Amino acid sequence: MLDVHRLRMLVEFSRRGTLSAVADALSYSKASVSQQLAALERDVGVPLLRRVGRGVQLTPQGDVLVAEAIGILDQLEHAQVAVAESLAEVTGTVRIAVFQTAAHALLPPALLALQAQHPSLRVDVTECDPETGLVGVAGRDFDLMLAEQYPGRTRPIVAELDRVVLAHDTIALAGRAGGADTASEPSGADAAASLWAMRDDPWVLEPAGTASRAWAEQLCRTAGFEPDVHFEVADLTTHIRLIRAGLAVGLLPELVWAGDAPTVALSALPGSPRREIFSSARRVSADAPSIRAVRRALADAASVILPG
């Protein structure tokens, strides 16, 4: 009889590529992971890992067992979903990974609704970037990821994850404090002129390597200039404060206001770009009553904050 926990370690290794990454994901020491996988090799009777340079890789037999192990883990999760569906009450724990602005805007009303509607349901929340969170959902670190996607930048498709679009929010050019100034129907020429007018201003953008930063830089380059980034900050609340103080200009998504009135001057961008907000769960567990309940609460919250 093969140990399911060891099988999961092998699957995690196939996804993450190193023993250290598996140890971090499962909260074990690297030595413990190595020992457990060695024990799995003894149970199977063939080598599953081979040393290549300074690292290790799966053997052909390891690849075969990974494919089978994924099916076994999915079947176990399917059994848990079947039991949950037989209950009259929504119970259990849903582990959510969420990006910053969604945590700020969507989670509070959604969690309040869930407390009222499903008091036996527990929701654990971790803020992290979508790249990390989506890998975590596939690896069963999380049950649901609330993620973002910028225009023209499609995130990698993970076969075992579904994708449900929750809402879209408009991204606006944010200038010096003085109240919202977004035109309802700006012309393309006006929007391009507003962006070009800020070409020599100091900018605040998210750190290099993030999807929002890459999109923002491409937007400015398309307009004909390179943004002069004075501030690299992940926290959009800090963006707002810097912009409101007149120290920088930037790009802010509609969701950052959580339905409240903007506190900086906003102008439309060329093409009126909108960011997509979506959730992803493992397909095998997407029909679990707990996952469906959380998604309904998030959708209700989004419909109030982003009614468009």
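Residues numbered from 1 in each chain as written. Predicted model: local features only at pLDDT ≥ 70, side-chain atom pairs only at ≥ 80, totals over all residues. Heavy atoms only, no water.

**Points about the overall build of the protein chain**
No. 1: Along the protein chain, the regular secondary structure elements total eleven helices and eleven strands.
No. 2: Judged by the C-alpha coordinates and their principal axes, the protein chain covers about 70 × 55 × 30 Å.
No. 3: Here the protein chain, with 308 residues, has 44% of them falling under the buried criterion.
No. 4: Summing over all exposed atoms, the protein chain offers an accessible surface of approximately 15200 Å²; the carbon and sulfur share of this is 53%.
No. 5: Side-chain charges of the protein chain comprise 28 positive and 37 negative groups, with the mean position of each set lying 5 Å from the other. (Helix = DSSP H or I, 4+ residues; strand = E, 2+ residues; numbered from the N terminus. Buried < 20%, exposed > 50% of the residue type's maximum accessible area, 1.4 Å probe, protein only. Areas by Shrake-Rupley, 256 points an atom, 1.4 Å probe, with all protein chains shown as cover. Lys, Arg positive; Asp, Glu negative; His and termini not counted. Charge placed at Lys NZ, Arg CZ, Asp CG, Glu CD.)

**Here we look at the packing of helix H6 (residues 107-117) against helix H11 (residues 289-305)**
No. 1: It is the contact of H6 with H11, at a shortest axis distance of 8 Å, that shows an interaxial angle of 130°. Comparing their axes, H11 and H6 come out oblique. Taken as a pair, H6 and H11 cross one another with a handedness that is right-handed. Listed contacts from H11 to Leu107, Pro109, Ala110 and Leu114 of H6 are Ala293, Val294, Ala297, Leu298 and Ala301. (Axes fitted to C-alpha atoms, helices over the stretch in contact; angles between N-to-C directions. Parallel < 35°, antiparallel > 145°, perpendicular 65-115°, else oblique. Left-handed = near helix turned anticlockwise from the far one by under 90°. Contact = heavy atoms within 4.5 Å.)

**A few points about helix H1 (residues 4-16)**
No. 1: Along its 13 residues, H1 runs 18 Å from first to last C-alpha, staying within 8% of the 18 Å computed at 1.5 Å per residue.
No. 2: Check the buried side of H1 and you find it contacts helix H2 (19-26), helix H3 (30-44), strand E1 (49-52), strand E2 (55-58) and helix H4 (60-85).
No. 3: Two to three positions downstream of the cap, the backbone nitrogen of His5 sits 2.9 Å from a side-chain oxygen, assigning the N-cap of H1 to Asp3.
No. 4: One or two positions beyond H1, positive phi appears at Gly17, with a value near 90°. (Expected span 1.5 Å × (residues − 1). Polar contact = N/O pair within 3.5 Å; in protein donor to acceptor, adjacent residues only side chain to side chain.)

**Observations concerning the pattern of salt bridges**
No. 1: The full count for this structure, using the stated rule, is 21 salt bridges.
No. 2: Arg282 serves as the salt-bridge partner of Glu77, at 2.7 Å between the closest nitrogen and oxygen. Remark: Arg282 occurs in the loop between strand E11 (274-281) and H11 and Glu77 occurs in helix H4; sequence separation between them is 205 residues. The burial state of Glu77 is the same as that of Arg282; both residues are buried.
No. 3: Note that Arg295 and Asp162 form a salt bridge whose closest N and O atoms lie 2.9 Å from each other. In this pair, Arg295 sits in helix H11 while Asp162 sits in the loop between strand E5 (144-149) and strand E6 (164-175), placing the two residues 133 residues apart along the sequence. (Salt bridge = Lys/Arg side-chain N within 4 Å of Asp/Glu carboxyl O.)

**So, the confidence of the model for the protein chain**
Close inspection of predicted coordinates is inappropriate for parts of the model with low pLDDT.
No. 1: Residues at a pLDDT of 70 or more form 96% of the protein chain, whose mean pLDDT is 89.
No. 2: Looking across the protein chain, the model is least confident in helix H8 (residues 188-196), with a mean pLDDT of 83, and most confident in strand E7 (residues 202-205), with 97.
No. 3: The model gives residues 178-185 a pLDDT under 50, and that stretch makes twelve contacts with residues more than four places away or in other chains. (pLDDT = per-residue confidence, 0-100.)

**Let's talk about unusual backbone geometry**
No. 1: Within the chain, Ser27 stands out as a residue other than glycine whose phi angle is a positive 60°.
No. 2: We classify Ser27 as exposed; its relative accessible area is 67%.
No. 3: Residues other than glycine seldom take positive phi values, yet Arg140 does so here, at roughly 70°.
No. 4: Mapping Arg140 onto the fold places it in the loop between helix H7 (130-138) and E5.

**Looking at the nonpolar core**
No. 1: If you look at the biggest cluster of nonpolar residues, it comprises 30 residues, and the most contacted ones within it are Leu106, Leu255, Val294 and Leu298.
No. 2: Listing elements by their share of this core, those giving two or more residues are strand E3 (92-98), helix H5 (100-105), H6, E5, E11 and H11.
No. 3: Of the residues forming this core, the biggest block, eight residues, is contributed by H11.
No. 4: Residues contacting Val294, with those up to four places away along its chain left out, are Val94, Ile96, Leu114, Leu121, Val123 and Leu144.
No. 5: Formed by 20 residues, the second largest nonpolar core is a distinct cluster that contains Val22, Leu26, Val66 and Leu73. (Core = buried A, V, L, I, M, F, W, Y, C linked by side-chain atoms within 4.5 Å.)

**So, the environment of Gln36**
No. 1: Along the chain, the position of Gln36 falls in helix H3.
No. 2: Judged by relative accessible area, Gln36 falls into the partly exposed class, the value being 24%.
No. 3: Excluding its chain neighbours within four sequence positions, the residues that come into contact with Gln36 are Arg6 and Met9.

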